[in-house]
Amino acid sequence: QKEVEQDPGPLSVPEGAIVSLNCTYSNSAFQYFMWYRQYSRKGPELLMYTYSSGNKEDGRFTAQVDKSSKYISLFIRDSQPSDSATYLCAMSAAIYSGGGADGLTFGKGTHLIIQP
Amino acid sequence: AAGVIQSPRHLIKEKRETATLKCYPIPRHDTVYWYQQGPGQDPQFLISFYEKMQSDKGSIPDRFSAQQFSDYHSELNMSSLELGDSALYFCASGIGGLIYEQYFGPGTRLTVT
């Protein structure tokens with residue numbers, strides 16, 4: 001079983017809808033949670049990062065972390081066709097490189113399609 | 001804003017050849033991470049450097065080596081290439097070794113034939 005599970009989709013929704021993307025994880029040591037957006041043939045783009053449980057909002061994006069359930073979510077409000085991309089969750093147990101973090105652990109990504 | 005630069009963007013090599021991938025971090029970034037992303041896969045961490053010293057090591061084969069230079073750019077050297085090494089190789093940069101704020105480059109697509 002992978003440490004981070006993410007439904008690969010595709011997830012297709014109409015423009016303007018609220019999108020919910022989710023990841024579950026098994027390693028209770030994870031404390032830092034990130035969401036990346038990756039367009040085809042491009043590098044992942046950091047959208048948001050959060051620490052421990054709670055919510056964080058940035059424009060149309062809201063990240064939620066529930067450590068008790070080992071479950072994280074990214075919500076996109078007023079979705080746009082330009083939001084169509086693959087969304088990857090990523091996690092780390094350590095705050096600093098060299099703290100045994102082994103880099104980021106990624107989910108496989110969810111392919112999101114926003115229909116105009 | 002300046003981004004992470006990777007070169008070359010595409011590379012075709014034959015089995016058993018050697019390849020060198022280069023990464024130029026965002027100015028003033030002192031931390032570099034290397035990831036390998038196979039087709040339809042999530043990025044897998046290979047190795048990282050902070051202030052020119054190796055900081056973490058992931059699933060990097062012994063055939064690969066890397067280093068970070070005095071100007072903070074990094075090179076990933078890959079020898080005895082195998083077909084399974086065909087993938088996208090991403091470099092990410094950050095500041096102060098902070099894991100949670102990594103900015104990725106566009107990647108180098110390596111094809112081994």
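Provided above is the structure to which this section pertains.
Asks: When you look at the overall build of chain B in this model, what are you seeing that I'm missing?
Replies: Scanning chain B from terminus to terminus reveals 0 helices and 11 strands. Put simply, chain B runs from its N terminus to its C terminus through helices and strands in the order β-β-β-β-β-β-β-β-β-β-β. Relative to the 2.2 N^0.38 estimate, which gives 13 Å for 113 residues, the radius of gyration of chain B is 13 Å and therefore close to what a compact globule would have. The dimensions of chain B, computed from C-alpha atoms along their principal axes, are 40 × 25 × 25 Å. In chain B, which comprises 113 residues, the proportion classed as buried is 49%. Excluding contacts between residues fewer than 6 apart, the proportion of contacts in chain B whose partners are at least 24 apart in sequence is 53%. The average position of the 10 basic charges and that of the 12 acidic charges among the side chains of chain B differ by 6 Å.

Asks: Where do I start with unusual backbone geometry in this structure?
Replies: The phi torsion of most residues other than glycine is negative, and most of the peptide bonds are trans. Gly9 of chain A connects to Pro10 of chain A through a cis peptide bond whose omega is 10 degrees. Structurally, Pro10 of chain A can be placed in the loop between strand 1 (4–5) and strand 2 (11–14). The omega torsion across Ser7 of chain B and Pro8 of chain B is -10 degrees, close enough to zero to call that bond cis. Within the secondary structure, Pro8 of chain B sits in the loop between strand 1 (5–7) and strand 2 (10–13). Even without being glycine, Lys52 of chain B reaches a positive phi, approximately 70 degrees. The topology assignment puts Lys52 of chain B in the loop between strand 5 (44–50) and strand 6 (53–57). Of note, the phi angle at Tyr72 of chain B is positive, near 75 degrees, even though the residue is not glycine. Tracing the sequence through the fold places Tyr72 of chain B in the loop between strand 7 (64–68) and strand 8 (74–78).

Asks: Teacher, can you tell me more about the nonpolar core here?
Replies: Taken as a class, soluble globular proteins show a tendency for nonpolar side chains to be buried jointly. Counting residues in hydrophobic clusters, the biggest one holds 23 residues, and the most contacted among them are Trp35, Ile72, Leu74, Tyr87 and Met91 of chain A. When residues of this core are traced back to their parent elements, those giving at least two are strand 3 (19–25), strand 4 (32–38), strand 5 (45–51), strand 7 (61–66), strand 8 (71–76), strand 9 (85–92) and strand 11 (110–115) of chain A. Setting aside its immediate chain neighbours within four residues, Tyr87 of chain A contacts Gln6, Leu21, Tyr36, Arg37, Leu47, Leu74, Ile76, Gly109, Thr110 and Leu112 of chain A. Counting residues in each nonpolar core, the second largest holds 22 residues, with Leu11, Val32, Phe49 and Met78 of chain B among its members.

Asks: What should I look at first to understand the pairing of strand 5 of chain B in this one?
Replies: Residues and elements named next belong to chain B. Here strand 5 lies mainly inside the structure; 5 of its 7 residues are buried. Here strand 4 (residues 31–37) runs beside strand 5; their pairing, made up of 6 bridges, is antiparallel. Counted as the bridge partner of Trp34 is Ile47 from strand 5. Between strand 4 and strand 5, which pair antiparallel one after the other, the connecting turn spans 6 residues, and Gly40 there sits at a positive phi close to 70 degrees. Across 4 bridges, strand 5 lies against strand 6 in antiparallel orientation. Bridge pairing in strand 6 places Phe49 opposite Gln54. Connecting strand 5 to the next strand, strand 6, in antiparallel fashion are 2 residues, including Glu51 with a positive phi near 50 degrees.

What counts, and where the lines are drawn
Residues numbered from 1 in each chain as written. Chains lettered and ligands numbered in written order. Predicted model: local features only at pLDDT ≥ 70, side-chain atom pairs only at ≥ 80, totals over all residues. Heavy atoms only, no water. Helix = DSSP H or I, 4+ residues; strand = E, 2+ residues; numbered from the N terminus. Rg over C-alpha atoms; globule rule 2.2 N^0.38 Å. Buried < 20%, exposed > 50% of the residue type's maximum accessible area, 1.4 Å probe, protein only. Contact = heavy atoms within 4.5 Å. Lys, Arg positive; Asp, Glu negative; His and termini not counted. Charge placed at Lys NZ, Arg CZ, Asp CG, Glu CD. Core = buried A, V, L, I, M, F, W, Y, C linked by side-chain atoms within 4.5 Å. Pairing = 2+ DSSP bridges.

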